[in-house]
Amino acid sequence: MKTPATNKLLFILLVLFFAGTFQVFGQSGFRNESELKTQANELFVAADYSQAFPLYSQLLSLDPKNPDLNYRFGVCLLYADKSNKEEAIKYLEKAINQVSDVDFYYHLGFAYQSNYFFTDALYNYRKYLQLARNKAKKEFEVERKISMCQNGLEMLKSANDLYVMQKSEVEQKAFYRSYDLSEFGGRFLNLPEEFLSKADLKNKENNVSYFNPQGKLLFYSLENKNQRDLYYRIKQSNGDWSEAYLLSATINTPFDEDYPFLMPDGKTLYFSSKGHNTIGGYDLFRTVYDSATKQWNTAVNLSFPFNTPSDDILFISDANETMAWFASNRNSTNNQITVYKVGIIKKDPNATDLTAIYGKEKLSGDDLGKIKNMAKLDINISDKAFKEIPENQKS
């Protein structure tokens, strides 16, 4: 039997609950939970996750164990807040086997991929294809993401260490201005209109490319038939530029290529690509021109930790490849991107791959998308991979 004290306590709790609920709806501009949920669902269906995010945050606070709300909030968190990609998994996992939307398995797969859990990502991508069958959404590009995860699993086997000398988060629109090229001998050029395609002129993007005045070649990217490809021009003896030449299929793929950088040796080219054996978004690649065959060698992925499932772009190195700049949005949000300055050491003086990077500050697990629990992948990677800076490299 309830005592007067018990009844009083229940009354107080009910008052606090309804007062909190009224405050939630009063602050959001919605009259009730049903109206809030309707608007949130409309935004979710339209894939407007940034706008839906705060609405589902409110709904979830009212019903934290609801699997459908956990699913939708997790999706919004995944796409609207890149700094919390790992946090999104926690909410999505609460909805496993409890929601009817088959797209759930795609989003959970993408969350795992974004956090380097490639084995789990592959399982969920394949389950999505199995359940969706001929209704699988083309825009999800699941088969391609499966290939990215397989690439990632292979690259994780030889992941290297990454230490950072300097980093800063800046607006992506003109991020290249944060590169200090005083020790590199080159500069960024605004491409003249006659170099640009109709699509580039229409988009009015910042069409900038790196150029070393000591060289005779200018590499740059143009939009061509809804994709970006790499071209080059030759500076002639009279100071004029030649016509534009499209680089071969060894470099250009059916996907986007951008941000080319030619080393002072005139034969080593770094660039970013969404094709080749990317692990997601733009990856950084390296290719070398063979003067004997007059062909570019197969592009090599710079692998972890340069590349992540996010966009990693515009690698620029000094002549000896002992220091470099690159940019990544692996943990950036709201049109921001992080610019990194790193030092490079090669394991073998004759090696062509970039193997270990040292500097003043170690790039933490958080900066790499919070790589952890690698036992899930059956790959021998742990915190021991992040070594102390060698004494002779400290400044």
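The shown structure was predicted, so the numbers you read here are calculated from the model rather than taken from an experiment. (Residues numbered from 1 in each chain as written. Predicted model: local features only at pLDDT ≥ 70, side-chain atom pairs only at ≥ 80, totals over all residues. Heavy atoms only, no water.)

1. Quick word on the overall build of the protein chain
Line of reasoning, step 1. In terms of regular secondary structure, the protein chain is built from nine helices and 17 strands.
Line of reasoning, step 2. Evaluated residue by residue, the protein chain yields a buried proportion of 47% over its 395 residues.
Line of reasoning, step 3. Restricting the contact set of the protein chain to residue pairs at least 6 apart, pairs at least 24 apart contribute 53%.
Line of reasoning, step 4. Total accessible area on the protein chain is roughly 21000 Å²; 49% of this is exposed by carbon and sulfur atoms. (Helix = DSSP H or I, 4+ residues; strand = E, 2+ residues; numbered from the N terminus. Buried < 20%, exposed > 50% of the residue type's maximum accessible area, 1.4 Å probe, protein only. Contact = heavy atoms within 4.5 Å. Areas by Shrake-Rupley, 256 points an atom, 1.4 Å probe, with all protein chains shown as cover.)

2. Section: the packing of helix α6 (residues 103-114) against helix α7 (residues 118-132)
Line of reasoning, step 1. The geometry of α6 relative to α7 is characterised by a closest axis approach of 8 Å and an angle of 160° between their N-to-C directions. Regarding the angle of α6 to α7, the classification is roughly antiparallel. Viewed along their axes, α6 and α7 form a crossing whose handedness is left-handed. Facing Asp 103, Tyr 105, Tyr 106, Leu 108, Gly 109, Phe 110, Tyr 112 and Gln 113 of α6, the residues of α7 in contact are Phe 118, Asp 120, Ala 121, Asn 124, Tyr 125, Lys 127, Tyr 128 and Leu 131.
Line of reasoning, step 2. In terms of residue class, the contact of α6 with α7 is built from 10 nonpolar, three polar and three charged. (Axes fitted to C-alpha atoms, helices over the stretch in contact; angles between N-to-C directions. Parallel < 35°, antiparallel > 145°, perpendicular 65-115°, else oblique. Left-handed = near helix turned anticlockwise from the far one by under 90°. Nonpolar A, V, L, I, M, F, W, Y, C, P; charged D, E, K, R; others polar.)

3. A closer look at the pattern of salt bridges
Line of reasoning, step 1. Taken as a whole and assessed by the stated rule, the structure comprises seven salt bridges.
Line of reasoning, step 2. Asp 103 serves as the salt-bridge partner of Lys 137, at 2.7 Å between the closest nitrogen and oxygen. Here the residue Lys 137 occupies a position in the loop between α7 and α8 (142-156), and Asp 103 occupies one in helix α6, the gap between them amounting to 34 residues.
Line of reasoning, step 3. What makes Lys 137 partly exposed here is its relative accessible area of 36%.
Line of reasoning, step 4. For the salt bridge of Asp 256 with Lys 274, the shortest nitrogen-to-oxygen distance reads 3.7 Å. In this pair, Asp 256 is assigned in the loop between β7 (245-246) and β8 (257-262) and Lys 274 in the loop between β9 (268-273) and β10 (283-290), connecting sequence segments 18 residues apart.
Line of reasoning, step 5. Members of the salt-bridge network, linked through shared partners, are Asp 200, Arg 228 and Asp 258. (Salt bridge = Lys/Arg side-chain N within 4 Å of Asp/Glu carboxyl O.)

4. Thoughts on the packing of aromatic side chains
Line of reasoning, step 1. Per the counting criterion, the structure on display carries 41 aromatic pairs.
Line of reasoning, step 2. Between Phe 195 and Trp 241 the ring centres are 6.4 Å apart and the planes differ by 90°, which places this aromatic pair in the edge-to-face class. In this pair, Phe 195 is assigned in the loop between β3 (187-190) and α9 (198-203) and Trp 241 in the loop between β6 (227-234) and β7, connecting sequence segments 46 residues apart.
Line of reasoning, step 3. Taking the ring centre of Phe 195 as reference, the NZ or CZ of Arg 233 above it sits at 3.8 Å. (Phe/Tyr/Trp six-rings, centres within 6.5 Å; stacked < 30°, edge-to-face > 60°. Lys NZ or Arg CZ within 6 Å of the ring centre and 35° of its normal.)

5. Considering the nonpolar core
Line of reasoning, step 1. Residues Tyr 56, Tyr 71, Phe 104 and Tyr 125 are the most contacted members of the largest nonpolar core, which totals 47 residues.
Line of reasoning, step 2. Secondary structure elements with two or more residues in this core: α2 (33-45), α3 (49-62), α4 (67-80), α5 (85-93), α6, α7 and α8.
Line of reasoning, step 3. Aside from chain neighbours lying at most four places away, what touches Tyr 56 is Ala 40, Asn 41, Phe 44, Leu 69, Arg 72, Phe 73 and Cys 76.
Line of reasoning, step 4. Val 170, Tyr 179, Tyr 270 and Phe 306 belong to the second-largest nonpolar core, a separate cluster that totals 30 residues. (Core = buried A, V, L, I, M, F, W, Y, C linked by side-chain atoms within 4.5 Å.)

6. A look at the pairing of strand β14 (residues 323-328)
Line of reasoning, step 1. Among the six residues that make up β14, six are buried, leaving the element largely enclosed by the rest of the structure.
Line of reasoning, step 2. Neither face of β14 is open: one carries Met 323, Trp 325 and Ala 327, the other Ala 324, Phe 326 and Ser 328, and all of them are buried.
Line of reasoning, step 3. Pairing of strand β13 (residues 312-317) with β14 involves four bridges; the strand directions are antiparallel. Bridge pairing links Ser 317 to Ala 324 in β14.
Line of reasoning, step 4. Where β13 folds back onto β14 in an antiparallel hairpin, the turn is made up of five residues, including Glu 321, whose phi is positive at roughly 55°. (Pairing = 2+ DSSP bridges.)

7. A word on the pairing of strand β5 (residues 217-224)
Line of reasoning, step 1. Examined bridge by bridge, β5 and β6 share eight bridges and lie antiparallel to one another. Residue pairing across strands places Leu 218 opposite Arg 233, the latter belonging to β6.
Line of reasoning, step 2. What sits between β5 and β6 in their antiparallel hairpin is a turn of two residues, with Lys 225 showing a positive phi close to 55°.

8. Topic: α5
Line of reasoning, step 1. Those residues of α5 not exposed but buried are Lys 85, Glu 86, Ala 88, Ile 89, Tyr 91 and Leu 92.
Line of reasoning, step 2. Tucked into the core, α5 has its buried residues touching α3, α4 and α6.

9. Description of the confidence of the model for the protein chain
Line of reasoning, step 1. Summary statistics for the protein chain give a mean pLDDT of 80 and a share of 77% for residues scoring 70 or more.
Line of reasoning, step 2. Long-range and interchain partners of residues 10-26, a stretch whose pLDDT sits below 50, account for nine contacts in this model, where long-range means more than four residues apart.
Line of reasoning, step 3. The model gives residues 355-395 a pLDDT under 50, and that stretch makes 101 contacts with residues more than four places away or in other chains. (pLDDT = per-residue confidence, 0-100.)

10. Comments concerning the sheet that holds β7
Line of reasoning, step 1. Spatially, the three strands line up as an open sheet ordered β5-β6-β7, and their pairing is antiparallel. Edge positions in the sheet fall to β5 and β7, since each has one partner strand and no second.

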